[in-house]
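Here are the chains, one letter per residue:
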Amino acid sequence: TKGASFLLEDDEEVLKAFINRGEIYDLKFKKIDEIDFNSLIKEIDESRIILKQVKSCEEIIKPALLIVESPTKAKQISRFFGHPAVRVVKGGKDSIILYEVPTSRYIFTVTASLGHLVDLVTNQGFFGVSVNEGFIPLYTTIKRCRKCSTQFTEERQSCPKCGSTDIDDAKNRINVFRKLAGDAGFVIVGTDPDSEGEKIAWDIKNLLSNFSIIKRAEFHEVTKRAVQEALENLK
């Protein structure tokens, strides 16, 4: 439910520092004589009445999986809504970090795709496109060598460049995302609104659409206000 917070001034320098830090999270403060307390109390009471009328909290606060591109962005966005709980899930040999945080509408699990997940194969078709029965793109998961950072798509146990067997396969992340999508039932794709981000978003939709409802959140800057507006206007 909605509530009210009061900030009491004790040290002016500390107060200024607190307000400046709060602006990063789009927190705005008003002086107490600027507040209409009757309207504030009414707004808080109405939110509690709505909660009593619904059958359960799940009807107004739903679980959702939010997938962005980078781990840094996942961490930053989750912190817009409070102090997230951090969970680490094993996906094969890989550890996938999840940030869990409640918002006014969702219980978010925020994670990162770490860039592209799939790409055209290199050993089939014409540059990865089958032309025998129409133009059918042939996709597979992207593999990356942790030692020399070489990326490839062939199904092999070692890096084609340095021979290392320490390989990161996007298949592991996809399997974790499918499990999380099935648990939540609702996925929001928050990749960048450029050609690269749209391709990643399209891939995620294709990979997870059998497991969950998929929506797109488009924001052009990583601020709390921009993210909240995007979440209120899902596509």
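Residues numbered from 1 in each chain as written. Predicted model: local features only at pLDDT ≥ 70, side-chain atom pairs only at ≥ 80, totals over all residues. Heavy atoms only, no water.

Asks: Break down the overall build of the protein chain for me, with residues and values.
Replies: Secondary structure summary: the protein chain contains six helices and 13 strands in total. Taken over the C-alpha trace, the protein chain has a radius of gyration of 22 Å; the compact-globule value for 235 residues is 18 Å, which it surpasses by more than 25%. Projected onto its principal axes, the C-alpha positions of the protein chain cover 70 × 45 × 30 Å. Among the 235 residues that make up the protein chain, the fraction classed as buried is 35%. Within the protein chain, counting contacts between residues at least 6 apart in sequence, those at least 24 apart form 58% of the total. Only carbon and sulfur atoms are counted for the fraction: they give 52% of the accessible area of the protein chain, which is about 15100 Å². Computed over 35 positive and 35 negative side-chain charges, the inter-centroid distance for the protein chain is 6 Å. (Helix = DSSP H or I, 4+ residues; strand = E, 2+ residues; numbered from the N terminus. Rg over C-alpha atoms; globule rule 2.2 N^0.38 Å. Buried < 20%, exposed > 50% of the residue type's maximum accessible area, 1.4 Å probe, protein only. Contact = heavy atoms within 4.5 Å. Areas by Shrake-Rupley, 256 points an atom, 1.4 Å probe, with all protein chains shown as cover. Lys, Arg positive; Asp, Glu negative; His and termini not counted. Charge placed at Lys NZ, Arg CZ, Asp CG, Glu CD.)

Asks: Just give me the short version of the pattern of salt bridges, but keep the residues and values in it.
Replies: Here the structure, examined in full by the defined rule, presents 12 salt bridges. When the shortest N-O distance is used, the salt bridge between Asp 168 and Arg 144 registers 3.8 Å. Here Asp 168, found in strand E11 (residues 167-169), pairs with Arg 144, found in strand E9 (residues 143-145); they are 24 residues apart in sequence, far enough to count as distant. Residue Arg 144 is classed as partly exposed on the basis of its relative accessible area of 30%. With its nearest N and O atoms 2.8 Å apart, the salt bridge here joins Arg 146 to Asp 166. Taken together, the residues span a long stretch of sequence, with Arg 146 in the loop between E9 and strand E10 (151-152) and Asp 166 in the loop between E10 and E11 at a distance of 20 residues. For Arg 146, a relative accessible area of 31% translates into the label partly exposed. What makes Asp 166 partly exposed here is its relative accessible area of 37%. (Salt bridge = Lys/Arg side-chain N within 4 Å of Asp/Glu carboxyl O.)

Asks: Explain unusual backbone geometry to me, using residue names and the numbers behind them.
Replies: Despite not being glycine, Phe 127 has its phi angle at roughly 55°, a positive value. As for its placement among the helices and strands, Phe 127 is situated in the loop between strand E5 (118-120) and strand E6 (129-130). With a relative accessible area of 70%, Phe 127 lands in the exposed category. Backbone geometry places Ser 149, a non-glycine residue, at a positive phi of 65°.

Asks: An account of the packing of aromatic side chains is needed here, citing residue identities and associated values.
Replies: In total, this model carries seven aromatic pairs according to the counting rule given. Their ring planes at 25° and their centres at 5.9 Å tell us that Tyr 106 and Phe 186 sit as a pair that is stacked. Taken together, the residues span a long stretch of sequence, with Tyr 106 in strand E4 (residues 106-112) and Phe 186 in strand E12 (residues 186-189) at a distance of 80 residues. Taken individually, Tyr 106 and Phe 186 each receive the classification buried, so the pair is uniform in this respect. Taken together, the aromatic side chains of Phe 81, Tyr 106, Phe 108 and Phe 186 make up a single cluster linked through ring pairs. (Phe/Tyr/Trp six-rings, centres within 6.5 Å; stacked < 30°, edge-to-face > 60°.)

Asks: How would you sum up the environment of Phe 108? Please name residues and give values.
Replies: For Phe 108, the location among the structural elements is in strand E4. Of the residues examined, Phe 108 reaches a relative accessible area of 1% and is grouped as buried. A sequence separation of 88 residues divides Phe 108 from Asn 20, and the C-alpha atoms of the two residues are 26 Å apart. Apart from the residues lying within four places of it in its own chain, the contact partners of Phe 108 are Ala 64, Leu 66, Tyr 99, Glu 100, Val 101, Thr 103, Ile 188 and Leu 231.

Asks: With reference to specific residues and values, describe a negative patch on the surface.
Replies: Where like charges cluster on the molecular surface, the negative patch consists of Glu 9, Asp 10, Asp 11 and Glu 13. By secondary structure assignment, the location of Asp 11 is in the segment before helix H1 (12-24). Residue class for Asp 11 comes out partly exposed when judged on its relative accessible area of 39%. (Patch = residues over 30% accessible without salt bridge, like charges linked within 9 Å, V, L, I, M, F, W, Y side chains within 5 Å.)

Asks: Explain the pairing of strand E13 (residues 213-216) residue by residue, including any values.
Replies: Here E13 shows a buried face lined by Ile 214 and Arg 216 and an unburied face lined by Ile 213 and Lys 215. Direction of pairing for E12 relative to E13: parallel, over a ladder of four bridges. Looking at E13, one finds that Ile 188 is bridged to Lys 215. Between the parallel elements E12 and E13, the chain passes through helix H5 (residues 195-208) in a crossover that is right-handed. (Pairing = 2+ DSSP bridges. Right-handed = clockwise from strand over helix to strand, strands pointing away.)

Asks: Outline the sheet that holds E4, listing residues and values.
Replies: Taken in spatial order, the six strands of this open sheet run E2-E3-E4-E1-E12-E13, and their pairing is mixed. Each end of this open sheet is capped by a strand with a single partner; those strands are strand E2 (85-91) and E13. When the angles between neighbouring strand axes are averaged without regard to direction, this sheet yields 25°. Of the strands in this sheet, strand E1 (62-68), E2, strand E3 (94-102), E4 and E12 are in contact with helix H4 (residues 170-184), which crosses E1 at around 155°. (Axes fitted to C-alpha atoms, helices over the stretch in contact; angles between N-to-C directions.)

The analysis is restricted to geometry; functional conclusions fall outside its scope.
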